[in-house]
Amino acid sequence: MDNTTVTTAINEPEAGSLLNASDRTSDQNKYKRILSQVSAMTAQSLLMLDLGMMIAVPTIVIGALHNAKEDLSLDDDQSSWLGSIMLLCQPLGCVISGCLQGVLGRKQSMLLVNLPHLAAWYLLYAATSRWMLYTASIIMGIGIGFLEAPMMSYIGEISEPEIRGMLSTFTNSVVVLGHLLEFVLGCMFSWRVTMLVSCLVPVVATISISLIPESPIWLLMKGRRDEALSSLRWLRGWVSAEDVREEFHELELYCQASKNEFKSFLEAKIKKSSRYTGLPDSEFATQSKPSIANVIRDFLRPGILIPLRLVVISFFFYHAASLTAMRPYMIEIFTRLEVPLTPKTLTVISAVLQGTGAMTCICLLRVVGKRVLFLVSMTSCALCCLLLGAYTYSITQHQWSSIPTIPLLLFCTLYFSINLGVSPIPWLLVSEVFPTRGREMATGMCAVSFYIFAFLASKTWLNLQSLVELYGCFLFYGILAVIGIIYIFICLPETEGKTLAEIEEDFARKKRQIS
């Protein structure tokens, strides 16, 4: 071997070493990309933690004050209002959010909502009358409705298709963690101290959200290109502009296509209304600004209405299958069915099981997809509702001996199944099925429908119970859940792992098939 060969042999890296180094670099970049998106998700998920805690408030307060002999006391009618007034006011927050988040942006909207939440928690702590309780619930309801749309938009716009479903499911699972935290606090402290401790959450959420970037898609739609590029670099692992050049270009094309589509829609309207005779297209943009009627007409296009119908109907069946209506009265119903645990302990267990279901959903979502999880979860919930109805009918109408472990197991299965798919997947759809143009209003309307259904179910629970008894309530919602299984099987497409543009194209194909 000559000197040249020896030198080459010494200096040349081992076979495969460059490939291994490249793989290590690729893995590091992948982990950084995931870490940055998880960091953004975790920060904004504190709002979902606060939301979950607020949803648990009626259960804690009604459990402490319903027909109480000291301190404040709430009768049946007052309890039903406290259990539902928060849900009644949430649509108002959704409407406000749908109008403002397009102007303020996702991040600023999420920051703003912490102010009323903090005020509501303190007002509950200081309440000396039922009107103060109602006022705090109204403020909470408006705040919850306000945060849904920007959060769902933010989730869909910052995350990559490969991990969007898992991140969205994680965000929704934090709601369950909020239930658990509030119920644990309710077991440890009096209801007033529980409300005071809860004031810390919106404070921490404000600090955390101030550290994350704005949605790059929203920034691009506003023409703030440099800020959008900086945001995308942060969200993809704090990388250089070159590293995100291709993805950023695709986002620019996606946003521009949305703008061009709306421009074409307006030009067509102008041509039709002005009896077009050959005026160049370039002059149309200056002839007329988008009117409210044109904006509404554009919103009512099939590309929005088809996914909107899917999500709204999914929310309806969610409330039926998950027995949302009985949530404010959980403690009373557990006592009535003689469940062999203290009612407060069972509320904590229910939150733990919901959290376990949510974690299972995160693990399985990428493997089996949204559609299968939704169907399995809905089927399990329907069976639990029907079996609870049959059990309650047997012990109340036929005086069969009660077996308290049966309702305990059924409730445990129900709460696990809810967050396996029925609860998180409709919200995942909200974050990804709507096109950029109209997303703010569509997500707001979805949240409105969610809380209207929740209000109607909660407010009518006692009336329905007096009409058809407790077993009839279980059977009624169980039958609705069975209908929901059929609807989901027929109408829900698989969206897992697809980009927003691909999902939009899928619904466009549905439009063409319908046409």
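All figures in this text were calculated on a predicted structure; none of them were measured in a lab.

**Some remarks on unusual backbone geometry**
With a phi angle near 55°, Trp 238 is a residue other than glycine that sits in the positive phi range. Looking at where Trp 238 falls in the secondary structure, it is placed in the loop between helix 12 (225–235) and helix 13 (245–273). Phi is positive for Leu 323, close to 55°, though the residue is something other than glycine. As for its placement among the helices and strands, Leu 323 is situated in the loop between helix 15 (302–321) and helix 16 (330–336).

**Examining the confidence of the model for the protein chain**
Considering every residue of the protein chain, the mean pLDDT works out to 81; 85% of them sit at 70 or more. The spread of mean pLDDT over the elements of the protein chain runs between helix 1 (residues 3–11), the lowest at 43, and helix 10 (residues 200–209), the highest at 94. This model gives residues 1–22 a pLDDT under 50, and the stretch forms 2 contacts once residues within four places in sequence are excluded. Low confidence marks residues 274–288, where pLDDT is under 50. Its contacts with residues over four positions away, or in another chain, come to 12 contacts.

**Structural notes on the state of the cysteines**
By definition, a disulfide links the sulfur atoms of two cysteine residues through a covalent bond. All chains considered together, the criterion is met by 0 disulfides. Among the cysteines around Cys 412, which has no disulfide bond, Cys 384 carries the closest sulfur, lying 9.7 Å off.

**Focus: the side chain of Thr 324**
With respect to the secondary-structure elements, Thr 324 resides in the loop between helix 15 and helix 16. Within the structure, the side chain of Thr 324 is placed 3.0 Å from the side chain of Ser 322, a separation counted as a polar contact.

**Brief notes about a nonpolar patch on the surface**
A cluster of nonpolar side chains, namely Leu 92, Ile 96, Leu 100, Val 103, Leu 104, Leu 112 and Leu 115, defines an oily patch on the protein surface of about 600 Å² accessible area. Residue contributions to the nonpolar patch peak at 5 residues, all from helix 4 (residues 76–104). With respect to the helices, strands and loops of the structure, Leu 104 is situated in helix 4.

How each quantity is defined
Residues numbered from 1 in each chain as written. Predicted model: local features only at pLDDT ≥ 70, side-chain atom pairs only at ≥ 80, totals over all residues. Heavy atoms only, no water. Helix = DSSP H or I, 4+ residues; strand = E, 2+ residues; numbered from the N terminus. pLDDT = per-residue confidence, 0-100. Contact = heavy atoms within 4.5 Å. Disulfide = S-S within 2.5 Å. Polar contact = N/O pair within 3.5 Å; in protein donor to acceptor, adjacent residues only side chain to side chain. Patch = residues over 30% accessible without salt bridge, like charges linked within 9 Å, V, L, I, M, F, W, Y side chains within 5 Å. Areas by Shrake-Rupley, 256 points an atom, 1.4 Å probe, with all protein chains shown as cover. Salt bridge = Lys/Arg side-chain N within 4 Å of Asp/Glu carboxyl O.

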